[in-house]
Amino acid sequence: MGQKVQPVGFRTGIRLPWQSTWFAPKASYGQMLVEDQRIRKYVDDKFNKQPPFAAVSKIEIARTRNEVKVTLHTARPGMVIGPRGAEVDKLRQDLEQLIDRQVTVNVIEIKEPALDARLAGEAIAEQMKKRVAFRRAMKQQTELSMQAGAKGVKIICSGRLGGAEMARKETQMEGSIPLHTIDADVDYASVGAVTTYGVIGIKVWIYKGKFGAQVEEQADAPKRTLHRPRAARRMDRNGPRREARPQQEKPSESSPTAENKQS
């Protein structure tokens, strides 16, 4: 069933945390669920659907008794925060009016946008809207993700590709995507590109390695030095070498031993 299940939902609760963290009684559960959906839709329309694009990938919502904490994961935190925090304050006020509760907004930067499936899909969608060849856009994004450290990438585009009359599906894949392995950190996103000849669906899978493996690799990696002597680098590459025996000096003609031999 790994190929038929959404990879993020398949690992939520086991390896990944929930994106909405709160508890509510049965009477108010539906109301809070609708509020979460309103928050996500408002933030997505504000930062991802109209320029300037702030590249918000994930929205986490946590509720306490008195307030709602909204955490935005974005590749461009400066555009979300604004000059002197003006944009964040405006966003907080808009969300408080939207759900009529006290709201706190936090912003977290995504250091590698190429390893985020949602941002990768949005990048391909923007290129397709500008009439870039779909194969070129898919290949470029795949290469960017692999260069950023991904272990595997798969991208599927479906629809009227290139303006063709018949809809079809195109796949670009590199590396491995272990969908059945719950320990595998696989990020997934589905994005729609609205073009003049119809909507093109874009699905992106990015395999980053096993959970916790990247932290262990960074801890076990030896410290790099800026400069090392050539002899030390040669010994590390070929192993320790035996010390050469000191060569005996040949007697010269003017030495006393040479004179004795001539006599």
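What counts as what
- Residues numbered from 1 in each chain as written.
- Predicted model: local features only at pLDDT ≥ 70, side-chain atom pairs only at ≥ 80, totals over all residues.
- Heavy atoms only, no water.
- pLDDT = per-residue confidence, 0-100.
- Helix = DSSP H or I, 4+ residues; strand = E, 2+ residues; numbered from the N terminus.
- Contact = heavy atoms within 4.5 Å.
- Core = buried A, V, L, I, M, F, W, Y, C linked by side-chain atoms within 4.5 Å.
- Buried < 20%, exposed > 50% of the residue type's maximum accessible area, 1.4 Å probe, protein only.
- Expected span 1.5 Å × (residues − 1).
- Arc of directions from axis to C-beta.
- Pairing = 2+ DSSP bridges.
- Axes fitted to C-alpha atoms, helices over the stretch in contact; angles between N-to-C directions.

Engineer: Summarise the confidence of the model for the protein chain; cite the residues concerned and give the values.
Structural biologist: Keep in mind that low pLDDT regions are not for reading the predicted coordinates in detail. In the predicted model, the protein chain carries a mean pLDDT of 84, and the fraction of residues at 70 or more is 80%. Within the protein chain, strand β5 (residues 152-159) carries the highest mean pLDDT (96), whereas helix α9 (residues 256-262) carries the lowest (50). Counting interchain partners and residues more than four positions distant, the pLDDT-below-50 stretch residues 223-229 has 2 contacts.

Engineer: Would you mind going over the nonpolar core in detail, with residue names and values included?
Structural biologist: Generally speaking, soluble globular proteins have nonpolar side chains that are buried together. Ranked by internal contacts, the top residues of the largest apolar core, which has 21 residues, are Met-128, Ile-155, Cys-157, Ile-200, Ile-202, Val-204 and Ile-206. Going through the elements one at a time, α5 (117-129), α6 (134-147), β5, β7 (184-195) and β8 (198-210) are the ones with two or more residues in this core. It is α5 that contributes the most residues to this core, 5 residues altogether. When near neighbours in sequence (up to four residues on either side) are disregarded, Ile-202 contacts Gly-121, Ile-124, Ala-125, Met-128, Ile-155, Ile-156, Cys-157, Ala-189, Ser-190, Val-191 and Ala-193. Among the nonpolar cores identified, the runner-up in size contains 17 residues, and Val-43, Ile-61, Val-70 and Leu-95 belong to it.

Engineer: Describe helix α2 (residues 26-47), and please don't skip the residues or the numbers.
Structural biologist: Between its terminal C-alpha atoms α2 stretches 33 Å, which fits the 32 Å expected from 22 residues at 1.5 Å a residue. Along α2, the positions that sit buried rather than exposed are Ser-28, Met-32, Glu-35, Asp-36, Ile-39, Arg-40, Val-43, Asp-44, Lys-46 and Phe-47. For α2, the angular spread of buried residues about the axis comes to 170°, placing them on one side. Of the exposed residues in α2, those oriented more than 90 degrees away from the buried face are Gln-37 and Lys-41. Looking at the buried residues of α2, the elements they touch are β1 (20-21), β2 (56-63), β3 (67-74), α3 (77-81), α4 (86-99) and α5.

Engineer: So what about the environment of Tyr-207? Which residues, and what values?
Structural biologist: Its location among the elements puts Tyr-207 in strand β8. Accessibility expressed as a relative area gives 10% for Tyr-207, which makes it buried. Each C-alpha atom of the pair Tyr-207 and Gly-149 lies 9.5 Å from the other, and the pair is 58 residues apart in sequence. Filtering out sequence-adjacent residues up to four positions away, Tyr-207 remains in contact with Ala-150, Lys-151, Gly-152, Ser-176, Ile-177, Pro-178, Ala-184, Asp-185 and Val-186.

Engineer: Describe the sheet that holds strand β6 (residues 168-175), naming the residues involved and giving the relevant values.
Structural biologist: Taken in spatial order, the 4 strands make up an open sheet running β6-β5-β8-β7, and their pairing is antiparallel. Looking along the sheet, the strands with just one partner apiece sit at the ends: β6 and β7. Adjacent strand axes in the sheet meet at a mean angle of 10°, parallel and antiparallel pairs treated alike. With 11 bridges joining them, β7 and β8 adopt antiparallel strand pairing. Each residue of the ladder has a partner; that of Thr-195, found in β8, is Gly-198. Contacts from α6 reach β5, β6 and β8, with the element oriented near 20° to β6.

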